[in-house]
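# Structural characterization, general
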Amino acid sequence: MRCYTLRREQWVAAPLQRTFPFFARPENLALITPPRLGFRLLTPPPVDMEKGRIIDYTIRVMGLPVRWRTLISTYQPPACFVDEQMIGPYSFWHHTHRFEPRDGGTLLYDEVRYALPVALTGPLRDLVHSLYVRPTLERIFDFRAQVFARLFGGSAKTRMHASHALAREENTA
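Residues numbered from 1 in each chain as written. Predicted model: local features only at pLDDT ≥ 70, side-chain atom pairs only at ≥ 80, totals over all residues. Heavy atoms only, no water.

## So, the confidence of the model for the protein
Looking at the protein as a whole, its pLDDT mean stands at 90, while 92% of the residues score no less than 70. Put simply, strand 9 (residues 168-171) is where the protein has its lowest mean pLDDT, 44, and strand 5 (residues 80-87) is where it has its highest, 98. A low-confidence stretch, residues 162-173 stays under pLDDT 50, and its non-local contacts, those more than four residues away or across chains, total 30 contacts. (pLDDT = per-residue confidence, 0-100. Helix = DSSP H or I, 4+ residues; strand = E, 2+ residues; numbered from the N terminus. Contact = heavy atoms within 4.5 Å.)

## Points about unusual backbone geometry
Cis geometry marks the peptide bond from Pro45 to Pro46; its omega dihedral reads 0 degrees. Within the secondary structure, Pro46 sits in the loop between strand 2 (40-41) and strand 3 (54-61). With a phi close to 55 degrees, Met62 is a non-glycine residue in the positive phi region. Tracing the sequence through the fold places Met62 in the loop between strand 3 and strand 4 (64-76). Despite not being glycine, Asp103 has its phi angle at roughly 50 degrees, a positive value. Mapped onto the elements, Asp103 comes out in the loop between strand 6 (92-102) and strand 7 (105-115).

## What to know about the packing of helix 1 (residues 16-23) against helix 3 (residues 122-152)
At a closest axis distance of 12 Å, the pairing of helix 1 and helix 3 adopts a crossing angle of 135 degrees. The angle between the axes of helix 1 and helix 3 places the two elements in the oblique class. Where helix 1 crosses over helix 3, the two elements pack in a sense that is right-handed. Contact with helix 1, carried on its side by Arg18, Thr19, Phe22 and Phe23, involves Phe148, Leu151 and Phe152 of helix 3 and no other residues of that element. (Axes fitted to C-alpha atoms, helices over the stretch in contact; angles between N-to-C directions. Parallel < 35°, antiparallel > 145°, perpendicular 65-115°, else oblique. Left-handed = near helix turned anticlockwise from the far one by under 90°.)

## With respect to the pairing of strand 3
As judged from the 2 bridges shared by strand 2 and strand 3, these two strands associate in the antiparallel manner. Its bridge partner lying in strand 3, Leu41 is registered against Tyr57. (Pairing = 2+ DSSP bridges.)

## With respect to a nonpolar patch on the surface
Together, Ile54, Met86 and Ile87 give the surface a local cluster of nonpolar side chains, amounting to about 240 Å² of exposed area. Tracing the chain through its elements places Ile87 in strand 5. (Patch = residues over 30% accessible without salt bridge, like charges linked within 9 Å, V, L, I, M, F, W, Y side chains within 5 Å. Areas by Shrake-Rupley, 256 points an atom, 1.4 Å probe, with all protein chains shown as cover. Salt bridge = Lys/Arg side-chain N within 4 Å of Asp/Glu carboxyl O.)

Written as structure tokens, this is what we have:
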């Protein structure tokens with residue numbers, strides 16, 4: 001399975017005590033997801049974040065509704081949490097969210113490791129990744145950065161890792 005990695009950092013002007021509670025409410029995912037993805041939370045609110053919490057929702061992928069189920073595998077407020085896909089469009093999805101007080105505000109850090117469906121192999125997988133998946137994820141994280149800047153102050157600019165490439169291939173067994 002070939003894994004790709006997306007990493008982003010963004011500084012926002014609000015302190016950690018104000019930013020982390022926003023991320024601890026899965027109901028806020030609708031605010032930070034581009035409207036064209038049709039995000040809909042299926043888990044009845046309120047959804048209390050905690051280790052072991054399962055969250056169900058739907059999104060549109062290429063216009064088609066897709067059910068997505070995530071597990072909160074790590075929850076260490078206010079420093080980090082991890083969501084892992086149990087059911088969804090990827091063969092593998094592991095998203096680490098970290099939060100760090102910095103310069104009177106908060107550094108938001110995301111690392112997403114993901115693999116495309118196993119049915120996609122070789123050149124087809126790489127083509128789908130470079131033409132559709134990577135650009136889609138970039139647009140989603142660009143949208144989120146704009147929302148975070150509007151909600152918490154600061155710039156919508158993010159710092160990308162891996163030589164300014166959002167996706168970096170890793171070979172995993």
